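Understanding the architecture of this molecule
Chain by chain, the residues:
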Amino acid sequence: YTVRLPLPDRCDPLLLGAVLEGMKPDDQPIAGAKNNPMMPIAWTKTYTGAAGKPARTFTSTMASGQDFENEAYRRMLVNACYWCLGKESQIPPTSNADLVGRYEARPFKLDGFKPGVKPADLERQ
């Protein structure tokens, strides 16, 4: 994917992402143009809505099932909710980002789409 740069006015990048040599978090960034510049993968935007009220949004290009296994990612989402509601002064030093119940993400893969498969077909037995 590509994020169009520069980001629109009043957007503030929070997190930049590098294209890695592989799919593991400890893989090294690839050299060359793909990481120059690095792309924002999480950002905020403030604006005035149609009703004249101030508004805040948070955007992230991350959202695979495996991303949700990462506690820091989940904490960023929790903190973003506080910020969007104007409650950033109430964000605890370590927001609770625990999973509720069992969660096992299915790995994503390129060219993994299969026509005709329904969510019920993927339920664990």
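Read on for an overview of the structure. Within each chain, residues carry numbers counting from 1 in the order of the written sequence. Only residues with pLDDT of at least 70 are given local features in this predicted model, and only at 80 or more are side-chain atom pairs given and counted; all residues enter the totals for whole chains, interfaces and linings. Side-chain numbers here rest on the full set of heavy atoms in the structure, without hydrogens or water.

**Focus on the nonpolar core**
Defined as follows: Each nonpolar core is a collection of buried residues, namely Ala, Val, Leu, Ile, Met, Phe, Trp, Tyr and Cys, held together in the definition by side-chain atoms within 4.5 Å. A 1.4 Å probe rolled over the protein chains alone gives each residue an accessible area, and that area as a share of the maximum for its type sets the label: buried under 20%, exposed over 50%, partly exposed in between. A run of H or I in DSSP counts as a helix once it spans at least four residues, and a run of E counts as a strand once it spans at least two, with each numbered from the N terminus.
Ile-41, Ala-42, Phe-58, Met-62, Tyr-73, Met-76 and Ala-80 together form the largest nonpolar core, which totals 7 residues. Listing elements by their share of this core, those giving two or more residues are strand S2 (39-48) and helix H1 (71-84). By size, the runner-up hydrophobic cluster in this structure holds 5 residues, among which are Val-3, Leu-7, Cys-11 and Met-39.

**Side note on the sheet that holds S2**
Selection criterion: Any two strands are treated as partners once DSSP identifies two or more bridges connecting them. Note on definitions: angles span 0 to 180 degrees between N-to-C directions of axes, and those axes are lines fitted to C-alpha atoms, for helices only across the stretch in contact. Note on contacts: a residue pair qualifies if any of its non-hydrogen atoms lie within 4.5 Å across the two residues.
If you walk across this open sheet you meet the 3 strands as S1-S2-S3, and the pairing is antiparallel. For this open sheet the edge positions go to strand S1 (11-17) and strand S3 (54-60), each flanked by a neighbour on one side alone. With strand direction ignored, the average angle separating the axes of adjacent strands in the sheet is 10 degrees. With 6 bridges joining them, S1 and S2 adopt antiparallel strand pairing. Among the inter-strand pairings, Asp-12 is bridged to a residue of S2, identified as Thr-44. Taken strand by strand, H1 contacts S1, S2 and S3, and its axis lies near 170 degrees from that of S3.

**Remarks on H1**
For clarity, the threshold we go by: A helix is expected to span 1.5 Å for every residue after the first.
If you check H1, its first and last C-alpha atoms are 20 Å apart, about what 14 residues at 1.5 Å a residue would give, namely 20 Å. Positive phi shows up at Gly-86, right after H1, with a value of about 75 degrees.

**Some remarks on the pairing of S3**
In this structure, S2 lies alongside S3, joined through 7 bridges in antiparallel fashion. Paired with Thr-46 across the strands is Arg-56, a residue of S3. Where S2 folds back onto S3 in an antiparallel hairpin, the turn is made up of 5 residues, including Gly-52, whose phi is positive at roughly 85 degrees.

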